[in-house]
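Structural overview
Chain by chain, the residues run as shown.
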Amino acid sequence: MERDFTKGSVLKNILLFSLPYLLSYFLQTLYGMADLFIIGQFEGVASTTAVSVGSQVMHMLTVMLVGLAMGTTVSIGQAIGAKKKEQAAWDIGNSVTLFMALSVLLAAVLLAFVKPIVSVMATPEEAVSGTMAYLTICFLGIPFITAYNLISSIFRGMGDSKSPMYFIAVACVVNIALDYLFMGVFRLGPAGAALGTTLSQTVSVVLSLAVIRKRKMGITLRRANFKPRRAIMGKILKIGIPISLQDGFIQIAFLIITMIANRRGLTDAAAVGIVEKVISFLFLVPSSMLSTVSALGAQNIGAGKPQRAKEILRYAVRIAAGFGLLAALLIQFIAEPVVGLFTTDAAVILAGGQYLRGYIWDCIFAGIHFSFSGYFCACGRSELSFFHNIIAILLVRVPGVYLTSKWFPDTLLPMGLATATGSLVSVIVCVIAFFGMNRGKKTGA
């Protein structure tokens, strides 16, 4: 299960790690869309809206949990790179204790605030009961959702990105089967969608634990490793909290942009919603680079090979930027047909094409700053990732989208460009921070 990425071809190592992660992320995206697709076949608009609103809330929570678990990935990666297996055992044990306690607390708090959460999401009255049922069941399943993401982060910290891919593939198949059973056969509506999601995550956790037990990890866990240690948990949280907050703020920014679009009318609201789905698929590559640089970079930092970690960053930037450039150029010619895959409304297709042509440039800049964020995490400086994202969101992305929505009421192109400009600012801050970090090290030396 453990894989050493501190030697051999850097490019080959990046591809070996990132491709399974990319497929995992794709399956996770497909997993999230399955509920909406299947409930649309058996239920009305109210139930579909309930699952849509509920899944937005759960997506935001999951993204923040994954961000927090980045502290585990980096801590284990550094220990593996330094050949400190005893330290890796402490990192794993303390992560399990920390995240399980957190998941129980989080589930209890969220269950107590189901009604206010549904209200804050401005859920249509017809969908309120379905949304509450969906969220209640999903909140009860938070310990299993947390366990899956924690186990995946542990595997990735050890250099294994294939096993999480297999786990999510099984969960995806089970989820689709249970959705058809609960919503198609038993007609449980949104509650059935939530049951399918929660139970499939549970199956994935059970499978992953069985694999861990059967397969040799190369690390021996003792009961003492699960006893909380302030220094170990402090390091995990120091890396994970900024990433978790950053991801949460990014999701909030997307919600605000959606609200701005909603005020322009139904056509623009539908267009922005469709483009967000398209972009979420295209952003699989930048996201995979973030996790790849974090995991591989952490191993090399731990092994005392900082130059190799920088080389990983350079390759990741080239891959992500190259993909983003190709996607941006291609979309300029096929924007309307892409939007047309999701709707037949001519006005929505036209508006969506405008927004996509502007937004797509974000694919280049996001790929670059995601790669830098991965490097900062690997170095234990995740606060830099949080810093550049907050600057971009608060000073450029949200105000830029708001102002362009007012100044250009007849087109969505400037709104799309405003989102991309936010990521460009992130890139500039990342480059400054990167050279500042390394200049400081040289001066200190």
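Relevant structure appears above.
Below is a short write-up of the structure. The structure presented is a predicted model; accordingly, all values stated were derived computationally and were not measured. Position numbers for residues count from 1 along each chain, tracking the sequence in the order it is written. Since the coordinates come from a predicted model, pLDDT governs what is reported: local features require at least 70, and pairs of side-chain atoms require 80 or more to be given and counted, while whole-chain, interface and lining totals use all residues. Only hydrogens and water are set aside when side-chain values are computed; all heavy atoms of the structure are taken into account.

The subject of this paragraph is the packing of helix H12 (residues 306–340) against helix H14 (residues 362–378). Axes here mean lines fitted to C-alpha atoms, for a helix over just the part in contact, with angles spanning 0 to 180 degrees between N-to-C directions. Strands are runs of DSSP state E lasting at least 2 residues, helices are runs of H or I lasting at least 4, and numbering of each runs from the N terminus. Two numbers describe how H12 lies on H14: the axes approach to 7 Å, and their chain directions differ by 165 degrees. Considering their axes alone, H12 and H14 lie roughly antiparallel with respect to each other. H12 and H14 meet at a crossing whose hand is right-handed. Judged by residue contacts, Ala309, Lys310, Leu313, Ala316, Val317, Ala320, Ala321, Phe323, Gly324, Leu325 and Ala328 of H12 engage Cys363, Ile364, Gly367, Ile368, Ser371, Phe372 and Tyr375 from H14. Each residue receives one of three labels: charged for Asp, Glu, Lys and Arg, nonpolar for Ala, Val, Leu, Ile, Met, Phe, Trp, Tyr, Cys and Pro, and polar for the others, Gly being one of them. The residue inventory of the contact of H12 with H14, partitioned by class, reads 14 nonpolar, three polar and one charged. Working definition: roughly parallel below 35 degrees, roughly antiparallel above 145 degrees, roughly perpendicular at 65 to 115 degrees, and oblique for all remaining angles. Crossings are classed by handedness, with left-handed meaning an anticlockwise turn of the near helix from the far one by less than a right angle and right-handed meaning a clockwise turn. Any two residues whose heavy atoms approach within 4.5 Å are treated as being in contact.

This next bit is on the environment of Ile301. With respect to the secondary-structure elements, Ile301 resides in helix H11 (residues 284–302). The spacing of Ile301 and Trp90 is 211 residues in sequence and 19 Å in space, taken between C-alpha atoms. Not counting residues up to four positions away in its chain, the partners in contact with Ile301 are Gln78, Pro306, Ala309, Ala378 and Cys379.

Moving on: the packing of helix H6 (residues 142–157) against helix H8 (residues 189–214). Direction vectors running N to C along H6 and H8 enclose 40 degrees, while the axes themselves pass 8 Å from each other. Crossing of H6 over H8 shows left-handed handedness. Between H6 and H8, the residues in contact are Phe144, Ile145, Ala147, Tyr148, Ile151 and Phe155 and Gln201, Thr202, Ser204, Val205, Ser208, Leu209 and Ile212, respectively. Considered class by class, the residues forming the contact of H6 with H8 number nine nonpolar, four polar and no charged.

For an α-helix, 3.6 residues make a turn, and residues three or four places apart therefore share a direction. Each residue after the first adds 1.5 Å to the expected span of a helix. Taking 1.5 Å of rise per residue, the 17 residues of H14 would be expected to cover 24 Å, and the 24 Å separating its terminal C-alpha atoms lies within 8% of that figure. Most of H14 sits out of view: 16 of its 17 residues are buried. Just downstream of H14, Gly380 is the residue with a positive phi angle, here 80 degrees. Accessibility here uses a 1.4 Å probe with only protein chains present; expressed as a share of the type maximum, an area under 20% marks a residue as buried, one over 50% as exposed, and anything in between as partly exposed.

Only buried residues count toward a nonpolar core. Its members are Ala, Val, Leu, Ile, Met, Phe, Trp, Tyr and Cys residues joined through side-chain atoms within 4.5 Å. With 65 residues, the main nonpolar core has Ile279, Tyr355, Leu356, Ile360, Phe372, Tyr375 and Phe376 as its most contacted residues. Ranked by residue count, the leading element in this core is H12, at 13 residues. Setting aside its immediate chain neighbours within four residues, Ile360 contacts Ile279, Leu282, Ala327, Ala328, Ile331 and Gln332. Core analysis: the second largest hydrophobic core is formed by 22 residues, Ile39, Met58, Leu110 and Ala194 among them.

Take unusual backbone geometry next. The phi dihedral of Lys83 falls on the positive side, at around 60 degrees, and the residue is not glycine. Although it is not a glycine, Arg187 sits at a positive phi angle of roughly 55 degrees. Here Arg187 lies in the loop between helix H7 (162–185) and H8.

The next subject is the packing of aromatic side chains. Each pair of aromatic rings taken from Phe, Tyr and Trp, with Trp reduced to its six-membered ring, is defined by centres within 6.5 Å and is described as stacked if the planes are under 30 degrees apart, edge-to-face if over 60, and tilted in the remaining cases. Tallied over the full model, the rule gives 11 aromatic pairs. Each ring, one from Phe249 and one from Phe386, has its centre 6.1 Å from the other, and the planes form 50 degrees; the classification is tilted. Taken together, the positions of Phe249 in helix H9 (residues 230–262) and Phe386 in helix H15 (residues 382–407) put the pair 137 residues apart, joining distant regions of the chain. For Phe386, a relative accessible area of 24% puts it in the partly exposed group. Measuring from centroid to centroid gives 5.7 Å for Phe372 and Phe434, while their planes differ by 70 degrees, and the two rings are edge-to-face. Highlighted residues: Phe372 in helix H14 and Phe434 in helix H16 (residues 413–444), separated in sequence by 62 residues. Side by side, Phe372 and Phe434 carry an identical accessibility label, which is buried. An aromatic cluster is defined as three or more aromatic residues linked by ring pairs; in this entry it consists of Phe372, Tyr375, Phe376, Phe434 and Phe435. Lying over the aromatic face of Trp90, Arg229 brings its terminal NZ or CZ to 3.7 Å of the ring centre. Our definition puts a charge over a ring when NZ of Lys or CZ of Arg is within 6 Å of the ring centre and also within 35 degrees of the ring normal.

Geometric values such as these leave the question of function open.
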